[in-house]
Amino acid sequence: MKEFIQSLPKVELHLHLEGTLEPELMFDLARRNNVDIPFNSVAEVRKAYNFHNLQSFLDIYFKGTDVLIEEQDFFDLTWHYLLRCQKDNVQHTEVFFDPQAHTQRGIDFDTVVNGIHRALLKGTSELGITSKLIMCFLRHLDEASAFATLAQAQPHKDKIVGIGLDSTEIGHPAAKFERVFAQARDQGFLTVAHAGEEGPADNIREALELLKINRIDHGVRCAEDEVLVAQLASSRTPLTVCPLSNIKLKVFDQMEQHNIVELLRKGLCVTINSDDPAYFGGYMVDNFMAVHNAHPMTKLEIAQFTFNAIEASFISASQKQRLNSLTNNYLAAHQ
Ligand code: ADE
Ligand code: ZN
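Right, let's walk through the structure included here.

Each value, and the rule that gives it
Residues numbered from 1 in each chain as written. Chains lettered and ligands numbered in written order. Predicted model: local features only at pLDDT ≥ 70, side-chain atom pairs only at ≥ 80, totals over all residues. Heavy atoms only, no water. Helix = DSSP H or I, 4+ residues; strand = E, 2+ residues; numbered from the N terminus. Buried < 20%, exposed > 50% of the residue type's maximum accessible area, 1.4 Å probe, protein only. Contact = heavy atoms within 4.5 Å. Areas by Shrake-Rupley, 256 points an atom, 1.4 Å probe, with all protein chains shown as cover. Pairing = 2+ DSSP bridges. Donors = N, O, S within 2.8 Å, 3.2 Å for Na, K, Ca; no water. Tetrahedral: all angles 85-135°; square planar, octahedral: opposite > 155°, others 65-115°. Axes fitted to C-alpha atoms, helices over the stretch in contact; angles between N-to-C directions. Salt bridge = Lys/Arg side-chain N within 4 Å of Asp/Glu carboxyl O. Near = heavy atom within 4 Å. Polar contact = N/O pair within 3.5 Å; in protein donor to acceptor, adjacent residues only side chain to side chain. Phe/Tyr/Trp six-rings, centres within 6.5 Å; stacked < 30°, edge-to-face > 60°. Lys NZ or Arg CZ within 6 Å of the ring centre and 35° of its normal.

This next bit is on the overall build of the protein chain. The secondary structure content of the protein chain amounts to 17 helices and eight strands. Taken along its principal axes, the extent of the C-alpha atoms in the protein chain is 50 × 40 × 40 Å. By the burial criterion, 58% of the 335 residues in the protein chain qualify as buried. For the protein chain, the share of sequence-separated contacts (at least 6 apart) that also reach a separation of at least 24 residues comes to 77%. Carbon together with sulfur atoms contributes 49% to the accessible area of the protein chain, which is approximately 13,100 Å² in total.

Before going further, it helps to spend a moment on the environment of Ala-148. Position of Ala-148 relative to the elements: it lies in helix H8 (residues 143-153). Between the alpha carbons of Ala-148 and Val-180 there is a distance of 9.8 Å; along the sequence they are 32 residues apart.

Counting buried positions over the eight residues of strand S2 (residues 90-97) gives eight, a clear majority of the element. Note: strand S1 (residues 10-12) against S2, three bridges, orientation parallel. Pairing of Val-11 across the sheet is with His-92, part of S2. With six bridges joining them, S2 and strand S3 (residues 130-138) adopt parallel strand pairing.

With that settled, the discussion passes to the coordination of the zinc ion (ligand 2). Of the protein atoms, only His-14 (NE2), His-16 (NE2), His-194 (NE2) and Asp-275 (OD) coordinate the zinc ion (ligand 2), at distances of 2.0 to 2.3 Å. Each of the four donor atoms bound to the zinc ion (ligand 2) contributes to angles spanning 83 to 173°, and the resulting shape is irregular.

To continue, consider the sheet that holds strand S4 (residues 162-166). Taken in spatial order, the eight strands make up an open sheet running S1-S2-S3-S4-S5-S6-S7-S8, and their pairing is parallel. What marks the edges here is a single partner per strand, and that holds for S1 and strand S8 (270-272). Looking at each pair of strands side by side, their axes are set apart by 25° on average, direction ignored. Across the sheet, helix H10 (residues 201-211) is in contact with S4, strand S5 (190-195) and strand S6 (215-218); its angle to S5 comes to roughly 160°.

This part is about the pattern of salt bridges. Scanning the entire structure with this criterion turns up 17 salt bridges. Residue Lys-122 pairs with Glu-126 through a salt bridge whose shortest N-O separation is 3.8 Å. Taken as a pair, Lys-122 and Glu-126 lie in helix H7 (residues 109-127) at a separation of four residues, close to a single helical turn. Look at Glu-126 and you get exposed, because its relative accessible area is 53%. The closest approach of N and O atoms between Glu-143 and Arg-179, which form a salt bridge, is 2.8 Å.

All right, on to the site of ligand 1 then. With respect to spatial proximity, the complete set of residues near ligand 1 consists of His-16, Leu-54, Phe-57, Leu-58, Tyr-61, Asp-166, Ser-167, His-194, Glu-197, His-218, Asp-275 and Asp-276. Within the contact set of ligand 1, a nitrogen atom lies 3.3 Å away from a side-chain nitrogen or oxygen of His-218. When ligand 1 sits alone it has 260 Å² of accessible area, and the protein chains cover 99% of it. Element by element, the count of residues in the shell around ligand 1 is highest for helix H4 (residues 54-64), at four residues.

The next thing to look at is the packing of aromatic side chains. Enumeration according to the criterion identifies 14 aromatic pairs in this entry. Pairing Phe-4 with Tyr-330 gives two aromatic rings, centres 5.3 Å apart and planes at 35°, and the pair type is tilted. Of this pair, Phe-4 sits in helix H1 (residues 2-7) while Tyr-330 sits in helix H17 (residues 317-333), placing them 326 residues apart in sequence. Summarising the burial analysis for this pair, Phe-4 and Tyr-330 share the class buried. Ring centres 4.8 Å apart and planes at 50° place the aromatic pair Phe-57 and Phe-280 in the tilted group. Pair noted here: Phe-57 is in helix H4 and Phe-280 is in helix H14 (residues 277-280), with a separation of 223 residues, a long-range link. We classify Phe-280 as buried; its relative accessible area is 2%. Among the aromatic side chains, those forming a connected cluster through ring pairs are Tyr-49, Phe-51, Phe-57, Tyr-61, Phe-62, Tyr-279 and Phe-280. A cation over an aromatic ring shows up here: Arg-84 above the ring of Tyr-283, its NZ or CZ 4.2 Å from the ring centre.

Below, the discussion takes up the environment of Met-26. Secondary-structure assignment places Met-26 in helix H2 (residues 23-33). Owing to a relative accessible area of 3%, Met-26 belongs among the buried residues under this scheme. Along the sequence, Met-26 and Gly-219 sit 193 residues apart, while their C-alpha atoms lie 30 Å from each other. Residue contacts for Met-26: discarding those within four places in its chain leaves Leu-21, Ile-37, Phe-39, Val-45, Tyr-49, Gly-64, Val-67 and Tyr-279.

Bear in mind that shape data such as this cannot, by itself, settle questions of function.
In structure tokens:
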């Protein structure tokens, strides 16, 4: 099944660009920018990537961003990720970035967006990979900071299609961001939010009701609420699930306990994504393989993750049609 998964057309909908910072690039950028990092070797960095929950990961993830300073750094980060997409046959990707992680360190919003955008354009023209950019508010910061960030995004509305909400889920309810999400929606931004990763099923309900989001990032703890599962199935509300991330951050102890295939078989619009692949040990193919190894699936079931991601994506109807045909043709040729 490895070859089938490798060449299957894929769509990624949950990927933090800052989470694609591989240790090798971290060292290169630290040297280039004269930034001190608390590691002496790539091996030492990888050894530090042992997390016991979301917060222990976030602490290291935010520290890693210290090496990102110039527009070229954001370009390089994004370009490296797009080259990995090419290797995994990711045809379309909708990527997150955390502007506040950079503006709080004195980096201009424009520097960040322009570097990322330039790489995304090159990805489309040179690799044929289409993309959308989503900016996330950090939920551990306050509403005022989110509003200020939304204001900074105004000159970049041609580059940013949506807003999201990430970082520490527990103790930072969606309600804190109800007004900023309402304003963003009025301004034409699409909306997503992390919910039901570490927090309970109620956080998913709250994000849907208060933030009126187009899709839920993670959402795997919906399984604790049967009524919610039934609602998510009938509404086809997308869940952007990140299997390897969920194991690394101990949302599930082992992949055998992960519920993604069960949710797929219940008719939910679940998708497979890599979240922060440099930290969690795998990109898209690795995530598909890890799920299949623990929960053997038919080729049609595996391809259904791509069909779901196409359905859940923010691309036009004609782009969806093109990707659906590509995937249908691939499936027909590999039965
Ligand atoms: N930021 C980057 N990865 C994240 C995750 N898995 N959950 C919440 N915030 C994040
Ligand atoms: Zn995430």
